[in-house]
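These are the residues of each chain, in order.
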Amino acid sequence: MFVFISIVLIFVYIFSTVIKPKKYPPGPRWYPFFGCFGLINSRMKQHGSQWKVLSEMAKEFSTKVLGLKLGNQLVVVVYGEKNIRQVTTEKEFDARPDSFFLKLRTFGKRVGITFVDGPLWREHRPFTMKHLRKQGFGKPPMEQDIQAQLNNILDVLGKSNGSSISIRTPMSIALVNIIWKYVAGEHIEENKLRQFLQFSSARSKAFTLAGGYLDQWPWLRFIFPNWTGYNIIKNMNKEILDIIEDAIWRHHSTVEGNDYIYSFLKEIYDNKDTYTEDQLKGVCLDILIAASNTGSSALDFAFICLLRHPNVQNKVYEEISRVLGDDTPSWSDNGRLIYTSAFLSEVHRLCTVAPFLGGRRALTDIEMEGYLIPKGTTILVSLGDLHQDETLWDEPNTFKPERFIDENGALKTPANLYPFGLGRRRCPGEPLGRCFIFIMLVGIVQKYRLQCNGPPPSAESVIGLLAEPIQFTAQFVKRL
Ligand code: HEM
């Protein structure tokens, strides 16, 4: 009898896991244990990325709110300007998912800024930004730091003598070194930084925001540490912690200074709540990861667009040489370099580095488009689809910088374009990201013509946690 009741209960339990909650958004059917995981994975080869699979699925179900279950986790994907605005502006969506994968990123603890919420996030996001600003973040000294890094990159290009090269890694090193100066008052030793950048890029390609095997079934890491990607995260964490712990140790043992780590240690010495060494490591890790691939990917996408559209490259160069001559570019030139700024907006639109915003967690039951999103659901926000929505953009698949210039030749404030997100969780690194991309692009095109040996690189990207261009090389030929 006991065995019979147990079997019945197991069946009832299994059956209950495939029943959708009332008014749950439309989506594919659920299977025991896996939900829609198997279906999504089986379509990955066809579409190339999870982001594209989900985008096609939303079209299949004619919905702007796609309801899924991955393993045992409810996941809703949100599309369209109105819904994206709701998620990014209403407080009920401010929280981040509390998953195994995300905690693994921060050495098993819920610390830092990017994937925490509530009082910890409300305290530490403003604290971090206040102390980075004190060091020059978002101010004229930051521009000078970018210009100094531009000179290093121009040296690299000069030494290449027009042979085919990739400047992705030097770009990442330049951006990380700028932000790390405000965080730790120093540059990172180059070999260590290169190693970390490699793991960071591998991790971004190996995982997806909608969760992977590791997220759904964490125990798989003991059996398949390579296949699940566990070893990539472990190796990246080792490299990154090495850099961070070394910097903190040096701050403990030297005289006082003003950078972010010193400011944080002061709070630890004063026994302030939530100021712990783990939290300090978490914030440093968030900043290093956020800066490691984003800026260099956006710039690589920009170079690919210049290579694929030689007439656009000519127009960008013509404007830069007419407006700036030989002057070093600065951020304030973006109002004068109309076509160049429109070009960059078009790159952000067509090659969105973050096709999904960072995941959210519903803090209450929430209604959207007449559906019910239950409390605790993970919410993914598709920025990439918004940027290619044919109801918002004329010929969305065509590269047309002119769409951002009005009939009087002035730059249009781009509506529906949010490469850095929007709302309270909008990217706090935006002032650095925008300024870096602009000064680097203008400074390089001003002095070098980009060309390639053979066909131009593909405009396709590798989409995992973020979108990265497929590796390519180009010749940077000095302009006479
Ligand atoms: C081209 C460069 C960059 C792009 C396109 C970019 C884009 C984004 C996006 C889309 C988000 C998610 C916003 C959301 O979930 O709603 C984000 C978050 C974040 N970014 Fe950036 N980012 C860039 C560079 C940087 C840099 C250089 C830093 C370093 C200071 C940075 C720090 C962060 C942090 C800490 C968050 C989490 C914010 C939070 O959850 O409150 N980002 N970024």
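Here the structure is shown first, and the text comes after it.
Residues numbered from 1 in each chain as written. Predicted model: local features only at pLDDT ≥ 70, side-chain atom pairs only at ≥ 80, totals over all residues. Heavy atoms only, no water.

> I would appreciate a short explanation of the sheet that holds strand β1 (residues 65–70) in the present structure.
Strands in a sheet are paired, the pairing made by backbone hydrogen bonds, and the direction either parallel or antiparallel. Taken in spatial order, the 4 strands make up an open sheet running β1-β2-β7-β4, and their pairing is mixed. This sheet does not close on itself; its edge strands, each paired only once, are β1 and β4 (360–361). Examined bridge by bridge, strand β2 (residues 73–78) and strand β7 (residues 378–381) share 4 bridges and lie parallel to one another. Bridge pairing in β7 links Val77 to Leu380. Packing against the sheet, helix α3 (residues 50–60) makes contact with β1 and β2, and its axis sits at approximately 125 degrees to β1. (Pairing = 2+ DSSP bridges. Helix = DSSP H or I, 4+ residues; strand = E, 2+ residues; numbered from the N terminus. Contact = heavy atoms within 4.5 Å. Axes fitted to C-alpha atoms, helices over the stretch in contact; angles between N-to-C directions.)

> Would you mind going over unusual backbone geometry with me for this structure?
Keep in mind that most residues, glycine aside, have a negative phi and that most peptide bonds are trans. Here Ser62, not a glycine, exhibits a phi torsion of approximately 45 degrees, which is positive. Mapped onto the elements of the fold, Ser62 is located in the loop between α3 and β1. Take Ser62: its relative accessible area is 66%, and that puts it in the exposed class. We note that Glu395 has phi near 45 degrees; this positive angle belongs to a residue other than glycine. Structurally, the position occupied by Glu395 is in the loop between α17 (383–386) and α18 (430–447). (Buried < 20%, exposed > 50% of the residue type's maximum accessible area, 1.4 Å probe, protein only.)

> How should I be thinking about the coordination of the iron atom of the ligand in this particular structure?
Each pair of donors in an ideal octahedron of six around a metal sits at 90 or 180 degrees, and each pair in an ideal tetrahedron of four sits at 109.5 degrees. One donor from the polypeptide reaches the iron atom of the ligand: Cys427 (SG), at 2.3 Å. If you trace the backbone, Cys427 turns up in the loop between α17 and α18. (Donors = N, O, S within 2.8 Å, 3.2 Å for Na, K, Ca; no water.)

These values are about where atoms sit, not about what they do.
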